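Take a look at the letters that make up each chain.
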Amino acid sequence: MKVLVASTIEQEDKIIELVRQIKEQIFPHYFSEAELRQWEEIGVLSLGASQFEYFGTLRDAFLVITSLQTIISILETKQLESLSSHYKDMFLHNAETLQRYEICFPFTLDQFSIQSNSFPLYSQHHSATKYLN
């Protein structure tokens, strides 16, 4: 007999926090407001009840958390263009993990290779607390 332990509320909260971090702190540095709105409409990184069913075990939730954290770490690297193929493969592997758990993340690392300075410093997608500190 195999016993599965369900994911915890804390894990689900951590997943929500990491998704929010990507949407509010990383995406606005690379994509325009119009692109961000379009991705919101098609459900990029959207988390609903059905997604949480896909990672209902501790192991599954841990894999999703790890994938999100890895993607964030890679995207926060200052010189993405100079990353080795190892990091590019790691990014792709973790993006595929999210897709396996029905979390829409249709990006390649190349889409994050040029950080745009032409987008506004303030965005509806940025966290407001960022501007209070």
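Nothing here was measured: the structure is a model prediction, and the numbers come from that model.

Participant: Got a sec to walk through the overall build of the protein chain? Specific residues and values, please.
Facilitator: Helices and strands together make up the secondary structure of the protein chain, namely five helices and zero strands. Reading the secondary structure of the protein chain in the N-to-C direction produces α-α-α-α-α. A sequence separation of at least 24 residues applies to 74% of the contacts in the protein chain between residues at least 6 apart. Carbon and sulfur atoms form 53% of the exposed surface of the protein chain, whose accessible area is close to 8,200 Å².

Participant: How would you summarise the nonpolar core if you had to cite specific residues and measurements?
Facilitator: Core analysis: the biggest nonpolar cluster contains 32 residues, and Phe27, Leu45, Leu68, Phe105 and Phe112 have the highest contact counts within it. Only helix H1 (9-30), helix H2 (33-42), helix H4 (58-75) and helix H5 (85-100) provide two or more residues apiece to this core. If you tally residues by element for this core, the top one is H4, at eight residues. Once you skip the residues sitting within four places of it in the chain, Phe27 turns out to touch Ile22, Leu36, Val44, Leu45, Phe105, Phe107 and Phe112.

Participant: Which residues make up H5, and what values do they have?
Facilitator: For H5, built from 16 residues, the straight-helix expectation of 22 Å at 1.5 Å per residue is met to within 8% by its first-to-last C-alpha distance of 22 Å. Taken as a whole, H5 has its buried residues at Phe91, Asn94, Ala95, Thr97 and Leu98. The buried side chains of H5 occupy one side of the element, clustering within an arc of 155 degrees when seen end-on. The exposed set on the far side of H5, more than 90 degrees from its buried face, consists of Ser85, Asp89 and Arg100.

Participant: So what about the confidence of the model for the protein chain? Which residues, and what values?
Facilitator: Detailed reading of predicted coordinates is not advised where the pLDDT is low. When pLDDT is averaged across the protein chain, the result is 80; 77% of the residues are at 70 or more. At the level of individual helices and strands, the protein chain shows its lowest average pLDDT in helix H3 (residues 49-54), which scores 68, and its highest in H4, which scores 94. Contacts from residues 117-133, a stretch scored under 50 in pLDDT, to residues over four places away or in other chains number 26 contacts.

Participant: A description of the packing of aromatic side chains should follow, citing residues and the corresponding values.
Facilitator: For the structure on display, the rule yields 14 aromatic pairs. Pairwise contacts between aromatic rings join Phe27, Tyr30, Phe31, Trp39, Phe91, Phe105, Phe107 and Phe112 into one cluster.

Rules used in this analysis
- Residues numbered from 1 in each chain as written.
- Predicted model: local features only at pLDDT ≥ 70, side-chain atom pairs only at ≥ 80, totals over all residues.
- Heavy atoms only, no water.
- Helix = DSSP H or I, 4+ residues; strand = E, 2+ residues; numbered from the N terminus.
- Contact = heavy atoms within 4.5 Å.
- Areas by Shrake-Rupley, 256 points an atom, 1.4 Å probe, with all protein chains shown as cover.
- Core = buried A, V, L, I, M, F, W, Y, C linked by side-chain atoms within 4.5 Å.
- Buried < 20%, exposed > 50% of the residue type's maximum accessible area, 1.4 Å probe, protein only.
- Expected span 1.5 Å × (residues − 1).
- Arc of directions from axis to C-beta.
- pLDDT = per-residue confidence, 0-100.
- Phe/Tyr/Trp six-rings, centres within 6.5 Å; stacked < 30°, edge-to-face > 60°.

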